[in-house]
Structures are given as C-alpha cells and as structure tokens.
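# Observations on chain architecture
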Amino acid sequence: MSDNAVSSADLPEPDQDLVPLTRGEAVELLAEQTGRSRDVAETMVRDYLDETSARLGYSVHRWGLDSGDVAEIRRDYEWVDYEQGETPADARARAAVNAAGWAQVTAEVDREHSPGYASRGDREALEWAERAEDWWSA
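Rules and cut-offs
All residue numbers refer to position in the chain's written sequence, counted from 1. Predicted model: local features are reported for residues with pLDDT of at least 70 only, side-chain atom pairs are reported and counted for 80 or more only, and whole-chain, interface and lining totals are derived from all residues. As a rule here, side-chain values cover all heavy atoms of the structure and leave hydrogens and water aside. Axis lines are fitted through C-alpha atoms, for helices just across the contact stretch, and the angle between N-to-C directions can take any value from 0 to 180 degrees. A run of H or I in DSSP counts as a helix once it spans at least four residues, and a run of E counts as a strand once it spans at least two, with each numbered from the N terminus. Oblique is the label for any angle not under 35 degrees, not over 145, and not in the 65 to 115 range, which are roughly parallel, roughly antiparallel and roughly perpendicular in turn. By convention, the crossing between two helices is left-handed when the near helix turns anticlockwise from the far helix through less than a right angle, and right-handed when the turn is clockwise. Throughout, a residue-residue contact means that at least one pair of heavy atoms, one from each residue, lies within 4.5 Å. Only Asp, Glu, Lys and Arg are considered charged, only Ala, Val, Leu, Ile, Met, Phe, Trp, Tyr, Cys and Pro nonpolar, and every remaining residue, Gly among them, polar. Two aromatic rings from Phe, Tyr or Trp, using only the six-membered ring of Trp, form a pair when their centres are within 6.5 Å; if the ring planes differ by under 30 degrees the pair is stacked, by over 60 it is edge-to-face, and anything between is tilted. Only protein chains enter the accessibility calculation, which uses a 1.4 Å probe; a residue is then buried when its area is under 20% of its type maximum, exposed when over 50%, and partly exposed in between. Buried Ala, Val, Leu, Ile, Met, Phe, Trp, Tyr and Cys residues form a nonpolar core when they are joined through side-chain atoms within 4.5 Å. N or O atoms closer than or at 3.5 Å make up a polar contact, with two conditions inside protein: a donor-capable atom paired with an acceptor-capable one, and, for residues adjacent in sequence, both atoms drawn from side chains. We define a salt bridge as a side-chain nitrogen of Lys or Arg found within 4 Å of a carboxyl oxygen belonging to Asp or Glu.

What follows is about the packing of helix α4 (residues 88-108) against helix α5 (residues 115-132). Relative orientation of the contacting elements α4 and α5 amounts to 155 degrees, with a least axis distance of 8 Å. On the basis of their axis angle, the class for α4 and α5 is roughly antiparallel. Judged by the twist between their axes, the crossing of α4 over α5 is left-handed. Here α4 contributes Arg-92, Arg-94, Ala-95, Ala-96, Asn-98, Ala-99, Trp-102, Ala-103, Val-105 and Thr-106 to the contact with α5, which in turn contributes Tyr-117, Ala-118, Arg-120, Gly-121, Asp-122, Glu-124, Ala-125, Trp-128, Ala-129, Arg-131 and Ala-132. Of the residues assigned to the contact of α4 with α5, the class counts are 12 nonpolar, three polar and six charged.

We now examine the packing of aromatic side chains. For the coordinates displayed, the defined rule picks out three aromatic pairs. Judged by centre distance (5.8 Å) and plane angle (90 degrees), the ring pair of Trp-79 and Trp-128 falls under edge-to-face. Note that Trp-79 is positioned in the loop between α3 (67-77) and α4 and Trp-128 in helix α5, a separation of 49 residues in sequence. Trp-128 carries the same exposure label as Trp-79, and that label is buried. For the ring pair Trp-102 and Tyr-117, a centre distance of 6.3 Å and an interplane angle of 50 degrees mean the geometry is tilted.

Right, let's talk about the nonpolar core for a bit. Ranked by internal contacts, the top residues of the largest apolar core, which has 25 residues, are Leu-30, Met-44, Val-45 and Ile-73. Per-element accounting of this core gives the leading share, six residues, to helix α2 (residues 38-56). Apart from residues no more than four positions distant in its own chain, Val-45 is found in contact with Arg-23, Val-27, Leu-30, Leu-65 and Ile-73.

Okay, the environment of Tyr-77 next. Tracing the backbone shows Tyr-77 in helix α3. On a C-alpha basis, the gap between Tyr-77 and Arg-131 in space is 9.3 Å, while along the polypeptide they are 54 residues apart. A polar contact is formed between the side chain of Tyr-77 and the side chain of Glu-51, at a distance of 2.5 Å.

So, on to the pattern of salt bridges. Tallying each qualifying case throughout the model produces 12 salt bridges. In this structure, Arg-74 and Glu-78 form a salt bridge, with 3.5 Å as the shortest nitrogen-oxygen distance. The closest approach of N and O atoms between Glu-86 and Arg-94, which form a salt bridge, is 2.8 Å. By relative accessible area, which is 13% here, Glu-86 ends up buried.

All we've got here are geometric facts, nothing functional implied.
This is the structure in structure tokens:
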C-alpha cells in the first residue's frame, strides 16, 4: 500500500440518519416541510446545487442528495422570498439590512428594564447576520 492509500478501516462509518433521496424526492420533501410550491422547492434545490457547484468549482447537479442536504437547503434558502422574485443574493442583502436594524434597536434597549426584549434583539441580530453571510464565496 502506498503512503497516500487509505484503508477502508480508516474511513468513518456513514451517518445512519442520512437518507439518500432523488432530486424529485428532495423537492417533494421540501415542498411538504416548508409549505412552498413544488416550483419554489425546485428552485431552492437548484440554487443549493448552483452555489455548491460554484464553491467547489465543478458541477454537482448530478450528485445525489440526502436528508442532510434537505436540512441544509431549508436552513439556507427557506427564508428567501422566491414568490416575490428574490434571489439568494437579494435575500442576503435584505438580511444585512435586518441585522443592522436589530443591532441598532438592541443597542438602544435598556437592558436592565427590558432584558427579554434585549435578549430577543440580540438573537435576531445574530440570526440575520448569519443569513447575510455569503458562506459559498467565503
């Protein structure tokens, strides 16, 4: 065996929670889980595959999907307003505005008298800031 060879004993066990899915099954699952139309779910899958392909430098459109991909698509694309023609880039720009707005509101909150609202504002600012990140280009 060469120095670069990897023994199958060295490979991690596959995650038993990940269920292989066809693209159509992933679309149907997303439509069911999100309440979005099948067309929007198809767009979510396409955007995920497009951005993954761009990040890796080659097409992954023929790769299989699994339940982990569906969870990632939901997290990264469910909040995009596809029905209004918003793209993921548009959504990230909107998220940056929302993050700044929540950060401003939270900075002005009297934390001693409104700790719950201050905590909510902190969480909202963080969530919108994470959504604003372009993880694929980073």
